[in-house]
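Structure at a glance
Residue-level listing of the chains:
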Amino acid sequence: MAIAKKKITLSPSRDIPFNQLVLSQSNVRRVKAGVSVEELAEDIARRGLLQGLSVRPVIDQAGIETGMFEIPAGGRRYRALELLVKQKRLAKTAPVPCVVRESGIAEEDSLAENVQRAPLHPLDQFRAFLALREKGQSEEEIAAAFFVSVNVVKQRLKLASVSPTLLDVYAEDGMTLDQLMAFTVSGDHERQEQVFERLQHAYDKQPYAIRRMLTEGAVRASEKRAQFIGIDAYVAAGGTVLRDLFQGDDGGWLQDVALVDQMVTDKLKAESDAIAAEGWRWIEVAPDFAYGHTFGLRQLRGETVPLTAEEEATRDAFQAEFDRLSEEYQDADDLPDAVDERLSELETALEGFQSLPVVFDQAEIGRAGAFVSIAHDGQLRIERGYVRPEDELPVEPETDAAEEEAPRAAAESFDSAGVEVVAHEPMAEPEEDEGLSPISDRLMTELTSHRTLGLRQALGERPDVAFLAALHVMTLKTFYHYGSDSCLELDLKSVTFGTQAPGLNDSASAEAIRARHESWAKALPKESADLWAVLQEWDGDSRESLFAHVVSLSVNAVHEAWNRRPRAFAHADRLAQAVELDMAAAGWKPTVVNFLGRVTKARILQAVAEAKGPRAADRIAHLKKGDMATEAETLLADTGWLPEPLRTPGNGSADTAPTGAAGEQTTAEGGETAMGDQMTSHENELADDVSHAIAAE
């Protein structure tokens, strides 16, 4: 005979006035987590109570119900209701839906309600946000309804816009959340699926590899070409911008490279046409020129257009206001927003008055040219007034009166038919007081030899004049491209870079040198004949500053395989120490292009180990070289690490020898290296948990 199974009886539910409820001490939740009580109260006020409370009757010592009910499970909901009562938004006697438990252990009920609650799968949340958006709710309304930031809503919607095929793979745990986030970089479902197929056969399936495959060939929005044409103009022309909402992307990537190049070409042409209309002999146009492209060319000395009386008055008024505000708020810890904004406006306006236009002589414009390119910050760069050697006016040789007279006298000794005329009258001996005959060349050489020695001796006794004379001749050769106006045989050579390093012309050092050179060029006289007098009038500090700039242009510490100069490089080290050179502070950073992609894996790992420690190097040791270089660029960013040729001896940790695992590497012919054990599985899980928490909150 079969025994009937006992039927399950569920606990009854009923509405209980709020003032008959008390919070139980058996509630297991002690640590605050998730949505705050204040946010939950607002949600209840908007939508009502979506889930009832689990309560138990309160029994007195005699075992009789007191009419009160304690809450072992649902404490946060109770506190939210309590807050609404305190705010007088809910009546004290308002009925609260409750499930009345008569038996069991209170702590067990509380634990079960919290532990057995299944969290919503992230994909369900993504799709729920998308459904709300499709029903007409804005991102701001969705964010307000669920007490999250607008950026979080954008991230969820972005994840929901991934190819449905990949979402299904994610739903079946076929990829991680980090990998799914990487696929959001591109909105092209077909492209996403192509990369996913490639990923199945790839060794490296890390998120950064997915991002790299999706953006390969694209132009970063931070690159100068993109800044030059403008992102808005590119989008208006039909271009697509790839964005990464889950990592810093510097504005994203411009996917249509052909469109970028065409827009750059068109804009440069339009700008160059306007420059050509000024009458220049030639115009060279390119997005970038090699560093030193103006070497060997003479730069014209234009005249700065003076300010009008009205402009001077405006500048003085701006300067006075700037000085007044600066003095008034010099002791303030934080400037008011309005004052800070006004000071920025005044600074910009005053800088505009300093960058006055330069006017060139029209005759000089006809034999000179200009370079039109893009500066490192995406602004148009125009370098006007450069004269090529072949366009210089021919220099006529200097002749004295005697030399001019000789050809004329010789011509007069022949008649019109070319027959020599013989004079029959004897030439009279000139009287001694009749006139002065020119000094012979030999005697002139002897006399000036004596004077040269006298000048050498006297100049050696006057360091101040010697300094001025050296500065004069070197300035002539630097800014006027000739030194014949000086009697000093000093030569200043400025190295031209035969091999152009990537980004050399746009480096921070190149920009600083260019700005300093232009500043001095504006301060010097237009004509070389006036230079000595001007330098005499300058104070010592100005002369020394100009001298330092001119001498700096002669530095040559470039390694050339065919030109071994060990002593010169040793001197370069001493010079670097003297000026406390720090190439990291000067703006150099190791990238795939300028270093990491051009050395062996062993050197990449050595660099990471020196900067971040052996464990960081171990984590990327298994990667292929291209991926390793890309990951190393991220790891080394802002660490100040420098390769050995860029280090200054004695400059802190920059010249520290390799240590630890990285220092013990052995490099094979192909650049392979062994780096020790990988991260433990626990560390990997911990890293994943952290990244997931950040991405999905």
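Thresholds, definitions, all that
Throughout this document, residue positions are counted from 1 along each chain, in the order its sequence is written. Only residues with pLDDT of 70 or above have their local features reported here, since the model is predicted, and side-chain atom pairs are shown and tallied only from 80 upward, although totals for entire chains, interfaces and linings are computed over all residues. Values reported for side chains reflect all heavy atoms of the structure, with hydrogen atoms and water molecules removed beforehand. For helices the rule is a DSSP run of H or I covering at least 4 residues; for strands it is a run of E covering at least 2, with both sets numbered from the N terminus onward. Think of it in three bands: with a 1.4 Å probe and only protein chains considered, a residue is buried below 20% of the maximum accessible area for its type, exposed above 50%, and partly exposed in between. Surface accessibility in these figures is a Shrake-Rupley result with a 1.4 Å probe; residues are shielded only by whichever protein chains are displayed. Centres within 6.5 Å are what make two rings of Phe, Tyr or Trp a pair, Trp counting through its six-membered ring; a difference in plane orientation under 30 degrees is then read as stacked, over 60 as edge-to-face, and the rest as tilted. Lines fitted to C-alpha atoms define the axes here, with helix axes fitted over just the stretch in contact, and angles between the N-to-C directions of these axes take values from 0 to 180 degrees. Our angle categories are set so that under 35 degrees counts as roughly parallel, over 145 as roughly antiparallel, 65 to 115 as roughly perpendicular, and the remainder as oblique. Helix crossings fall into two classes, left-handed where the near helix is turned counterclockwise from the far one by less than a right angle and right-handed where it is turned clockwise. Only heavy atoms matter for contacts: two residues are in contact if any of them lie within 4.5 Å across the pair. Think of it as three bins: nonpolar holds Ala, Val, Leu, Ile, Met, Phe, Trp, Tyr, Cys and Pro, charged holds Asp, Glu, Lys and Arg, and polar takes everything else, Gly as well. A 3.5 Å cut-off defines polar contacts: any pair of N or O atoms within that distance qualifies, except that in protein one atom must be a possible hydrogen donor and the other a possible acceptor, and neighbouring residues in sequence count only when both atoms are side-chain atoms. UniProt positions are given in the numbering used here, feature names are shortened, and annotations may be inferred rather than shown by experiment. Pairing between strands is defined by DSSP: at least two bridges between them are needed. Each residue carries a pLDDT score, the predictor's own confidence in it, on a scale running from 0 to 100. Only residues above 30% relative accessible area that lack a salt bridge enter a patch, with like-charged residues linked at up to 9 Å and the nonpolar side chains Val, Leu, Ile, Met, Phe, Trp and Tyr linked at up to 5 Å. Any Lys or Arg side-chain nitrogen located within 4 Å of an Asp or Glu carboxyl oxygen qualifies as a salt bridge.

Turning to the overall build of the protein chain, a few remarks are in order. A tally of regular secondary structure across the protein chain gives 28 helices and 14 strands. Burial analysis of the protein chain (697 residues in total) assigns 31% to the buried set. Accessible area of the protein chain: about 43800 Å², with a carbon and sulfur share of 53%.

In this description, a pair of aromatic rings is defined by centroid distance and the angle of the planes. For the structure on display, the rule yields 10 aromatic pairs. Residues Phe289 and Phe371 carry aromatic rings whose centres are separated by 5.3 Å and whose planes lie at 75° to one another, so their mutual orientation is edge-to-face. Of the two residues, Phe289 sits in the loop between strand S9 (282–285) and strand S10 (298–299) while Phe371 sits in strand S13 (residues 369–374), which places them 82 residues apart along the sequence. Between Tyr291 and Phe295, the ring centres sit 6.4 Å apart and the planes meet at 85°, which makes this aromatic pair edge-to-face. You can call Tyr291 buried: its relative accessible area is 18%. Judged by its relative accessible area of 32%, Phe295 is partly exposed. In this structure an aromatic cluster arises from ring pairing among Trp282, Phe289, Phe371 and Tyr386.

Below, the discussion takes up the packing of helix H20 (residues 508–523) against helix H22 (residues 540–552). Each pair of packed helices gets described by two things: the angle between the helix axes and the distance between those axes. Across the interface, H20 lies against H22 with an axial gap of 11 Å and an inter-helix angle of 130°. Relative to H22, the element H20 lies oblique. The two elements H20 and H22 meet at a crossing, and its hand is left-handed. Here Ile513, Arg516, His517 and Trp520 of H20 come into contact with H22, specifically with Ser542, Ser545, Leu546, His549 and Ser552. Across the contact of H20 with H22, the residue classes break down as 3 nonpolar, 5 polar and 1 charged.

A word on the side chain of Lys601. Here Lys601 is to be found in helix H24 (residues 601–612). Among the polar contacts made by the side chain of Lys601, one reaches the main-chain carbonyl oxygen of Leu623 at a distance of 3.2 Å.

Under the local residue numbering, the UniProt record ascribes the feature "coiled-coil region" (unreviewed entry) to residues 308–335. Within residues 308–335, the helical portion is 71% and the strand portion 0%, while the C-alpha atoms at the span's ends are 34 Å from each other.

Attention shifts here to the sheet that holds S9. Strand order in this open sheet of 4 strands is S9-S13-S14-S10, and the pairing throughout is mixed. Edge positions in the open sheet fall to S9 and S10, since each of these has one partner strand only. The pairing of S13 with strand S14 (residues 380–387) spans 6 bridges and is antiparallel. Bridge pairing in S14 places Phe371 opposite Glu383.

Strand order in this open sheet of 3 strands is S6-S8-S7, and the pairing throughout is antiparallel. With partners counted over all chains shown, the strands left at the sheet margins are strand S6 (219–220) and strand S7 (241–242), one partner each.

Our focus in this paragraph is the confidence of the model for the protein chain. Low pLDDT means the predicted coordinates in that region are not meant to be read closely. Mean pLDDT for the protein chain: 78, with 78% of residues reaching 70 or above. By mean pLDDT, helix H28 (residues 681–696) is the weakest element of the protein chain at 35, and S9 is the strongest at 94. Note on residues 30–34: pLDDT is under 50 here. Beyond four places in sequence and across chains, it has 3 contacts. Note on residues 408–424: pLDDT is under 50 here. Beyond four places in sequence and across chains, it has 7 contacts.

Among the 7 residues that make up strand S3 (residues 53–59), 5 are buried, leaving the element largely enclosed by the rest of the structure. The pairing of S3 with strand S5 (residues 95–100) spans 3 bridges and is parallel. Note that in S5 the partner of Ser54 across the bridge is Val99. Note: S3 against strand S4 (residues 65–73), 4 bridges, orientation antiparallel. Paired with Ile59 across the strands is Glu65, a residue of S4. In this structure, the hairpin formed by S3 and S4 is closed by a connection of 5 residues, where Gly63 is found at a positive phi of approximately 80°.

Another point: a nonpolar patch on the surface. Nonpolar side chains collect at one region of the surface, where Ile439, Leu443, Met444 and Leu447 lie side by side and expose about 340 Å² of accessible area between them. Positionally, Leu443 belongs in helix H18 (residues 441–460). Look at Leu443 and you get partly exposed, because its relative accessible area is 37%.

This paragraph deals with the packing of helix H9 (residues 189–200) against helix H10 (residues 207–215). Orientation of H9 relative to H10, taken along the N-to-C sense of each, is 130°, at an axis distance of 10 Å. Viewed along their axes, H9 and H10 adopt a mutual orientation that is oblique. You can see that H9 and H10 cross each other, and the crossing is right-handed. Contact with H9, carried on its side by Arg191, Gln192, Val195, Arg198 and Leu199, involves Ile210, Met213 and Leu214 of H10 and no other residues of that element. The class makeup of the residues in the contact of H9 with H10 is 5 nonpolar, 1 polar and 2 charged.

This model, assessed by the stated rule, comprises 21 salt bridges. With a shortest N-O distance of 3.8 Å, Lys477 and Asp491 are connected by a salt bridge. With Lys477 in helix H19 (residues 463–480) and Asp491 in the loop between H19 and H20, this residue pair connects regions lying 14 residues apart in the sequence. In this structure Lys477 comes out as partly exposed when scored by relative accessible area, which is 26%. Overall, Asp491 belongs to the exposed group, its relative accessible area being 58%. For the salt bridge of Glu610 with Arg647, the shortest nitrogen-to-oxygen distance reads 2.7 Å. Of this pair, Glu610 sits in helix H24 while Arg647 sits in the loop between helix H26 (625–636) and helix H27 (660–663), and the two are 37 residues apart along the sequence. Classification of Arg647 as buried rests on a relative accessible area of 14%. Taken together, the shared-partner salt bridges connect Lys224, Asp288, Arg381, Asp506, Glu511 and Arg514 into one network.

Before going further, it helps to spend a moment on unusual backbone geometry. Phi is positive for Lys88, close to 60°, though the residue is something other than glycine. Relative to the assigned elements, Lys88 resides in the loop between helix H2 (75–86) and S5. The class for Lys88 is exposed, based on a relative accessible area of 76%. For Asp638, which is not glycine, the phi torsion reads 65° and is therefore positive. Overall, Asp638 belongs to the exposed group, its relative accessible area being 66%.

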